[in-house]
Amino acid sequence: MNNRVILTFTILLACQLAGEVITLLLHLSVPGPVVGMVILFCALLVRGHVPADVAAVSGELLQNLSLLFVPAGVGVMLHARLLADNWQALSLALVLSTIVTIAVTGLMLQWAKQRPARHAKEGENQ
Amino acid sequence: MMAATREIWVYLAASPLLHLTMTLVAYLVGDYLFRKSGQKALLNPVLIAVAILVGVLLATEVSYATYFEGAQFVHFLLGPATVALAVPLYRQFERVRHSGVAILVALLAGSLTALLSATLIAWALGAPQAVVASIAPKSVTTPIAMGIAEQIGGLPSLTAVLVILTGIFGSMFGTSILARVGVHDADAQGFALGLASHGIGTARALQVSEVAGAFSALAMGLNGLATSLLAPLLVHLLRQWLWP
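Residues numbered from 1 in each chain as written. Chains lettered and ligands numbered in written order. Predicted model: local features only at pLDDT ≥ 70, side-chain atom pairs only at ≥ 80, totals over all residues.

1. So, the overall build of chain B
Secondary structure assignment for chain B yields twelve helices and zero strands. Walking chain B from its N terminus toward its C terminus, one meets helices and strands in the order α-α-α-α-α-α-α-α-α-α-α-α. With the C-alpha coordinates aligned to their principal axes, the bounding extent of chain B is approximately 70 × 50 × 30 Å. Within chain B, the proportion of its 244 residues that are buried is 55%. Long-range pairs, those at least 24 residues apart, make up 58% of the contacts in chain B with a sequence separation of at least 6. (Helix = DSSP H or I, 4+ residues; strand = E, 2+ residues; numbered from the N terminus. Buried ≥ 20, exposed ≤ 12 C-beta atoms within 10 Å, placed from the backbone. Contact = placed C-beta atoms within 7 Å.)

2. Remarks on helix 1 (residues 2-14) of chain B
The end-to-end C-alpha separation of helix 1 of chain B is 18 Å, in line with the 18 Å expected for 13 residues at 1.5 Å each. Little of helix 1 of chain B is tucked away, with zero of its 13 residues classed as buried. (Expected span 1.5 Å × (residues − 1).)

3. Considerations on the nonpolar core
Counting residues in each nonpolar core, the largest one holds 111 residues, and the members touching the most others are Val70(A), Ala86(B), Ala122(B) and Ile135(B). The element best represented in this core is helix 12 (residues 210-242) of chain B, accounting for 14 residues. The contacts of Ala122(B), once residues within four sequence positions are left out, are Ala89(A), Leu90(A), Ala93(A), Ala127(B), Val131(B), Val132(B) and Ile135(B). (Core = buried A, V, L, I, M, F, W, Y, C linked by C-beta atoms within 7 Å.)

4. A look at helix 7 (residues 100-124) of chain B
Between its first and last C-alpha, helix 7 of chain B extends 36 Å over 25 residues, near the 36 Å set by a 1.5 Å rise per residue. In the segment just after helix 7 of chain B, Gly126(B) is the residue with positive phi, at about 90°.

5. What about the packing of helix 1 (residues 3-25) of chain A against helix 2 (residues 32-47) of chain A?
Residue and element names in this part refer to chain A. At their nearest, the axes of helix 1 and helix 2 sit 7 Å apart, and the two run at 120° to each other. Compared by their axis directions, helix 1 and helix 2 come out oblique. Handedness of the helix 1/helix 2 crossing: right-handed. Of helix 2, the residues touching helix 1 (which contributes Cys15, Gln16, Ala18, Gly19, Glu20, Ile22 and Thr23) are Gly32, Pro33, Val35, Gly36, Ile39 and Leu40. Its residues placed into classes, the contact of helix 1 with helix 2 shows seven nonpolar, five polar and one charged. (Axes fitted to C-alpha atoms, helices over the stretch in contact; angles between N-to-C directions. Parallel < 35°, antiparallel > 145°, perpendicular 65-115°, else oblique. Left-handed = near helix turned anticlockwise from the far one by under 90°. Nonpolar A, V, L, I, M, F, W, Y, C, P; charged D, E, K, R; others polar.)

6. Side note on the interface of chain A and chain B
Taken residue by residue, the interface counts 66 residues in chain A and 93 residues in chain B. Put simply, the parts of the chain that give the side of chain A that touches chain B at least two residues each are helix 1, helix 2, helix 3 (52-63), helix 4 (70-74), helix 6 (87-113) and helix 7 (116-125) of chain A. Counting residues per element, the side of chain A that touches chain B draws most heavily on helix 6 of chain A, which supplies 24 residues. Counted by class, the side of chain A that touches chain B contains 47 nonpolar, 18 polar and one charged residues.

7. With respect to the environment of Val57(A)
Residue and element names in this part refer to chain A. Mapped onto the elements of the fold, Val57 is located in helix 3. Measuring from C-alpha to C-alpha, the distance between Val57 and Val5 comes to 6.2 Å, with 52 residues separating the pair along the chain. Not counting residues up to four positions away in its chain, the partners in contact with Val57 are Arg4, Val5 and Thr8.

8. What to know about the confidence of the model for chain B
This prediction gives chain B a mean pLDDT of 88; 98% of its residues lie at or above 70. Model confidence for the complex: the whole-complex pTM is 0.78, and ipTM, which rates the interface, is 0.82. (pLDDT = per-residue confidence, 0-100.)

9. Notes on unusual backbone geometry
Residue and element names in this part refer to chain B. The backbone of Glu61 sits at a positive phi, close to 55°, despite the residue not being glycine. Mapped onto the elements, Glu61 comes out in the loop between helix 3 (45-59) and helix 4 (64-76). Of note, the phi angle at His198 is positive, near 40°, even though the residue is not glycine. In this structure, His198 sits in helix 11 (residues 186-208).

10. Looking at the packing of helix 10 (residues 156-180) of chain B against helix 11 of chain B
Residue and element names in this part refer to chain B. With their axes 8 Å apart at the nearest point, helix 10 and helix 11 run at an angle of 70° to one another. Relative to helix 11, helix 10 is oriented roughly perpendicular. On helix 11, the residues that touch Val163, Thr166, Gly167, Ile168, Gly170, Ser171, Gly174, Thr175 and Leu178 of helix 10 are Gln189, Ala192, Leu193, Ala196, Ser197, His198, Gly199, Ile200, Gly201, Ala203, Arg204 and Val208.

Here it is, written out as structure tokens:
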């Protein structure tokens, strides 16, 4: 554990803390860590580049992102009954919604990209 | 001998160390099988780890609350990891700045489609309110989705499971769905995969091409943000219409 790990973790935790405080103060319905993500994003925009230490440590953290889902996933044992009772609603909602979302998103981006002039105008009007 | 073993077990079962170690071991097993299989989507490391841990906990009659006392140290890192998503988001943001308006249009359409279709289908098929709120953020990356579920009255752990299943489904069938509806543009393919099926979809998009991977990572970050803004509003409205 060297200094850059501690420094980057301090930055990440400070952003999260600031995010939590802002969420509480302004009664936002956005999760605190998401506000923290926006804060770090803005800081990077201001700075103009990602510092090497922050890039290395956050890359390490995100590479093992799926491990962090495991404790929450085990919580499924608390909801075995709920899943069994609602399996039809849940599986249909999940499968149909994902199919429609993929199709709509892909078609929309393809369509919007083919009409750059028109959208530039719409963007100006907003 | 038996008495000594029992004593050690009683001590270990009550300390966070055992279940923290078990969480890491189960994940390493899942990750090993995933790599060994040539990264087959069905052998998702999280799915395998969860199955192993649930099996062990049921067999040893340990409650989720006791397990979580150890696992909370891993769970806690979801917060800083969510903040760290700003780094890839910033990198992709620089790269795709010029198609900004098209991305915004697709983001809004996709985010609303994901939220509305999931909640309305689950509601129409008779799922109770907490279950509908849990499936609403299913397309968003897990740390953000769990935060959203908590905000809108869902069950974060149920959301985590639904998010992982959505990712697996999207990565398995996403590219064939896109081909069938005539989306041949690599940017659009990647963006759709990342928006609908987050990190697991992004892994699939990276196999299509590097451009698709970049757009997928961007879509994953942007949809996390869009859904955390839209979901509370939408669930508030639906609550008034659907459960008066």
